[in-house]
Amino acid sequence: MHLTESHINYIIRDIQYRGVVDDDLGEELVDHICTLVEQKMEEGERFIEAYENVRVSFGSTHNLQELQTQTINSSNYNTRLMFRNYLKIALRNLSKQRFYTFINVTGLAVSVTCCMLISLFVIDELSYDTFWQDEDRLYRTVRHGKYGDNEFHMATAPAPLGPALKAELPEIESVARFRTWGTYLVKTPNMTESIKESSLIFADPDVFELLNLKLLNGDAKTALTKSMNIAISETMATKYYGTPDAVGEQLILDGDEEYNVTAVFEDIPNNSHLNIDFIMAMEGMSQSKRTMWLSNNFFTYFKLKEGVNAKEFLGKLNNMADAHVSEQLVQLTGATFEEFKSNGNYMYFELQPISDAYLKSDFTFDIGTSGDITYVYLFTIIAVFILVIACINFMNLSTARSANRAKEVGVRKVLGSYKSHLVRQFLTESIILSIVAFFFSLVLMALLLPFFNSIADKSLSVPYDQPLFYLGLIMGSLLVGFAAGIYPAFFLSAFKPVNVLKGKLALGSKSGLIRSGLVVFQFFISIVLLVGTAAVYKQLNYIQNKKLGFEKEQVLMVGDAYMLGESLESFKEEVKNHASTKSVSLSGFVPVSGHNRSDNTFWKEGTEPTEDNMVNMQFWSVDEGYIETMGLTMLKGRNFNPDLASDSNALILNETAFKAYGLTWGENNIIENFDNDPQTGQADPNKTIKHKVIGVVKDFHFESMRLPIGNLALRLDRSTGLMSVRLNSKDLEASLSTIESIWKKFAPELPFNYQFLDSAFGEMYDNEKRLARVFTIFAGLAIFIGCLGLFALAAFMAEQRTKEIGIRKVMGASI
């Protein structure tokens, strides 16, 4: 006869009432008493009578309390003595079950290796810009705005913001503006050929104080106070002069701009979004002196004084900016800033900590390299998933083998082992497995790290010289061992000796509800990773096969065309007349992010320039060969004709812009914009320029496909940043060699820098490509680990059914 739950609760309460409070003793005592009571009840005694007879057989209440005291003392003493025994038995069991040990160690080692590699990646991503002195007080301004149908989010700010912060807000300790200006060709007076460099910026003199850049040579206060002064990094000083002591030397930029080296600063660490090797004096940039608050060209960084509340400061910053913006809005549109905002428009600044500038910068344009916090979250989740799958394997195999360990548990309990002793024993086994797995994962990580660096585009290294790394390994192995072994330990130690020794325990293969659930969960995680991989590849396939509106294949982009000077037109004509060339265009504006961009605001002729009809759009300078070279489709009107003087102010719009202005083809379509005051650089409200729309091109993706197609206008104007060449030859190598030889004919001292348009377009999606590769690898490993555990589980279940298989074969069953 079995005891009911109320019977068992009665026994537990009575035992506790008599002073037995030790968990191990109480549990074992209750288990033993329940078994004896059930036996007496089967002989015909009532529950109360049976329980009293059993309890009395243990002695008085005092005897029970004395037994508890002796047991606790013995247990504490034995725990110290038994650790060596735990270790010995654990090693013996693991050695005896080599196959299952191999499966568990392999699964854990692979999963831990994945976790370590991902941890190195995540730690590196999170470390960006955390090394700056006073990092918690360093910020930059970002700007959000909406004007009619135009909405923008930029990391840039107007030129006058930096000086205004310093002059009007006492909470500022230091401030500096940065301005990028593309790539430069750099050489010393003694060099015959220039080197293309991209890590150049213009900056205000306070940049050294702001970022606390350490100067190896030069004076921080005067280094950037004069036009044509430049500070260079230690690496660049060594590269160009062979020594960091380069102050007083000269650098020649773009062939004719002679800069004086006034300082050499210590290299900025790689884990910074500010990839800077050359800092040119802002004094030499005329745009920095403009007072237009509605423009956005400069990156503005600043340091707050100690104790300043950033949120309160932001309110003051926006109040100051609103006052300046309002004044210029009234001049241009006649509307106050309050009227501007009352119509659903907005324009405000936000503070971004410098440590967020790398991972949390989803802006139209940024100063340097940037990552994506989403990838950090995704990779972290993947690492956890893979580790969970390996731990589930361990749990499944341990609980499946419960039948083989049940007699061991029963005998040891009869001989006096407590449940806590058994739990420690089984946890010791799992922790040993975990430690062995961590050791092998170190070997695997050393072998796989170069490959991981290549797919993740990183230069990660294992920090063998850091004590925290080894402390993390030890803590990680203990934690994983505990997490993987805790459930099996309690599951196995809970067997009742009487049932086990009587053979009443079900085999492990039949107690599989939880085990089946864990296997399902394992493969659910694997399928989630596979679905994520498929989604990423589907996106990449969409990018590769989507009709872009322009033809990116067989277009060669020759960089630094402006360096040819007066020879540029001759170079263009010679390339154009070559048999392998279909068309040629001179323009720094190409439909790939990272190249020239310029925007302006226009309105339809005959209307007032108000927020209701002013539309902002990209304003690109191109030549008459641009449309053919880029493979654009002309829907209406005609191409530019350089022989027509009227085409100097003519525009060709894309479909989106044509609709945005409410134009109708067949009418005299003219749009206007403000002319700029040549002295101040500000828009002059009293002077406008009229532009006739002579054509409409089919919409094409001129930015990343993450963004919708925006408004775009093409104008006939000189832009010599790039020369794009559409080739009609299948032998691209021969065509490339021919164009290079023509380049060297006109500029033997200049490097021939080139890139194919389709290659540049593909680089916009490098992050997605890396993500796809990483997803594929880790999803495959998750499936591998899951299958490894399922294979071991199937092998064990087959082993349990050996007699069944033998009988069925004797009865005639085929293999």
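In this text, all values refer to a predicted model and were calculated from it rather than measured experimentally.

The rules we used
Within each chain, residues carry numbers counting from 1 in the order of the written sequence. For this predicted model, a pLDDT threshold of at least 70 governs which residues receive local features, and a threshold of 80 or more governs which side-chain atom pairs are given and counted, while totals over whole chains, interfaces and linings are taken from all residues. Side-chain metrics in this entry use all non-hydrogen atoms of the structure; hydrogen atoms and water are not considered. Numbering of helices and strands runs from the N terminus, with a helix taken as a DSSP run of H or I at least four residues long and a strand as a DSSP run of E at least two residues long. Partly exposed describes any residue whose relative accessible area lies between the buried limit of under 20% and the exposed limit of over 50%, with all areas from a 1.4 Å probe on protein chains only and scaled to the type maximum. The criterion used for residue contact is that any of the two residues' heavy atoms lie within 4.5 Å. Method for areas: the Shrake-Rupley scheme with a 1.4 Å probe, in which residue coverage is limited to the protein chains shown. Pairs of strands are assigned from DSSP output, requiring at least two bridges between the strands. Think of each axis as a best-fit line through the C-alpha atoms, taken over the contacting stretch in the case of a helix, with angles from 0 to 180 degrees between the N-to-C directions. Here a crossing is taken to be left-handed if its near helix is turned anticlockwise relative to the far helix by less than a right angle, and right-handed if that turn runs clockwise. Residues are grouped as follows: Ala, Val, Leu, Ile, Met, Phe, Trp, Tyr, Cys and Pro are nonpolar; Asp, Glu, Lys and Arg are charged; all remaining types, including Gly, are polar. By the criterion applied in these results, polar contacts are pairs of N or O atoms within 3.5 Å in which, for protein atoms, one can donate a hydrogen and the other can accept it, and in which residues neighboring in sequence qualify only through two side-chain atoms. Side-chain rings of Phe, Tyr and Trp (the six-membered ring for Trp) are treated as a pair once their centres are within 6.5 Å; stacked means planes under 30 degrees apart, edge-to-face means over 60, and tilted covers the remaining angles. Think of it as a cone above the ring: NZ of Lys or CZ of Arg counts as a charge over the ring if it is within 6 Å of the ring centre and within 35 degrees of the ring normal. Whenever a carboxyl oxygen of Asp or Glu lies within 4 Å of a side-chain nitrogen of Lys or Arg, that contact is scored as a salt bridge. Disulfides are defined in this document as cysteine sulfur pairs within 2.5 Å.

A. Structural view of the overall build of the protein chain. Helix and strand content of the protein chain: 23 helices and 24 strands. In the protein chain, which comprises 815 residues, the share counted as buried stands at 49%. Long-range contacts, defined as pairs at least 24 residues apart, comprise 78% of the intrachain contacts of the protein chain with a sequence gap of at least 6. When the accessible area of the protein chain is evaluated, it comes to approximately 39,200 Å², of which 55% is carbon and sulfur surface.

B. Molecular detail of the pairing of strand E10 (residues 257–265). One ladder, built from three bridges, connects strand E7 (residues 215–218) with E10; its direction is antiparallel. Paired with Leu-215 across the two strands is Phe-265, which belongs to E10. Note that strand E8 (residues 229–233) and E10 share five bridges and pair parallel. Residue pairing in the sheet places Asn-229 in a bridge with Asn-260 of E10.

C. A look at the packing of helix H1 (residues 5–17) against helix H3 (residues 47–57). It is at 12 Å that the axes of H1 and H3 come closest, and there the two elements cross at 35 degrees. Regarding H1 and H3, the two cross each other, and that crossing is right-handed. On H3, the residues that touch His-7, Tyr-10, Ile-11, Asp-14 and Ile-15 of H1 are Phe-47, Ile-48, Tyr-51 and Arg-55. For the contact of H1 with H3, the class distribution of residues is six nonpolar, one polar and two charged.

D. Region of the structure containing the side chain of Lys-458. Here Lys-458 shows up in the loop between helix H13 (419–456) and helix H14 (467–493). Only 2.7 Å separates the side chain of Lys-458 from the side chain of Asp-124, close enough to count as a polar contact. Among residues more than four places away in sequence, those in contact with Lys-458 are Phe-121, Asp-124, Glu-125, Tyr-128, Tyr-358 and Asn-453.

E. Representation of the packing of aromatic side chains in the model. Scanning all chains against the criterion turns up 28 aromatic pairs. When the ring of Phe-700 is compared with that of Phe-702, the centres are 6.0 Å apart and the planes differ by 65 degrees; the resulting orientation is edge-to-face. Phe-702 shares its class with Phe-700; the two are buried. What links up through ring pairs into an aromatic cluster is the set Phe-550, Phe-589, Trp-620, Phe-700, Phe-702 and Phe-761. Positioned over the ring face of Phe-298 is Arg-177, at 5.5 Å from the centre of the ring. Sitting over the face of the ring of Phe-298, Arg-179 holds its NZ or CZ atom 5.6 Å from the ring centroid.

F. Highlighting the pattern of salt bridges. For the coordinates displayed, the defined rule picks out 27 salt bridges. Ionic pairing is found between Arg-718 and Glu-569, a salt bridge with its closest N-O pair at 3.3 Å. Residue Arg-718 is found in the loop between strand E22 (712–716) and strand E23 (722–727), and its partner Glu-569 is found in helix H17 (residues 568–576); the two are separated by 149 residues along the sequence. Classification of Arg-718 by relative accessible area gives exposed; the value is 54%. Glu-569 sits in the partly exposed class, given a relative accessible area of 36%. Salt bridges sharing common partners tie together Asp-134, Arg-137, Glu-173, Lys-303 and Glu-306.

G. Representation of the environment of Glu-125 in the model. Considering the arrangement of structural elements, one finds Glu-125 in helix H5 (residues 98–126). For the pair Glu-125 and Tyr-358, spaced 233 residues apart in sequence, the C-alpha to C-alpha distance is 8.4 Å. A distance of 2.3 Å separates a polar atom in the side chain of Glu-125 from a polar atom in the side chain of Lys-458.

H. Layout of the state of the cysteines. Applying the stated criterion across every chain yields a total of zero disulfides. No disulfide involves Cys-115; its sulfur sits 6.8 Å from the nearest other cysteine sulfur, which is in Cys-114.

I. Geometry of the environment of Val-519. Looking at the element boundaries, Val-519 is found in helix H16 (residues 513–545). Each C-alpha atom of the pair Val-519 and Asn-396 lies 8.0 Å from the other, and the pair is 123 residues apart in sequence. Setting aside residues up to four positions removed in sequence, Val-519 forms contacts with Asn-396, Leu-790 and Leu-793.

J. Inspection of the sheet that holds E23 at higher detail. Overall, antiparallel pairing links the four strands, which are arranged E15-E23-E14-E24 in an open sheet. In this open sheet, the two strands that pair with only one neighbour each are strand E15 (581–586) and strand E24 (754–756). Averaged over neighbouring strand pairs, the angle between their axes works out to 20 degrees when direction is ignored. In this structure, E15 lies alongside E23, joined through five bridges in antiparallel fashion. Of the residues in E23, the one forming a bridge with Leu-586 is Met-723. Most of the contacts of helix H20 (residues 732–746) go to strand E14 (residues 555–559), to which it runs at about 25 degrees, and overall it touches E14, E23 and E24.

K. Broad picture of the side chain of Glu-703. Structurally, the position occupied by Glu-703 is in the loop between strand E21 (683–697) and E22. Within the structure, Glu-703 has its side chain in polar contact with the side chain of Ser-593 (distance 3.0 Å). A polar contact of 2.6 Å, which involves the side chain of Glu-703, links it to the side chain of Arg-597. Glu-703 has contacts with Ser-593, Arg-597 and Met-764, leaving out every residue within four places of it along the chain.

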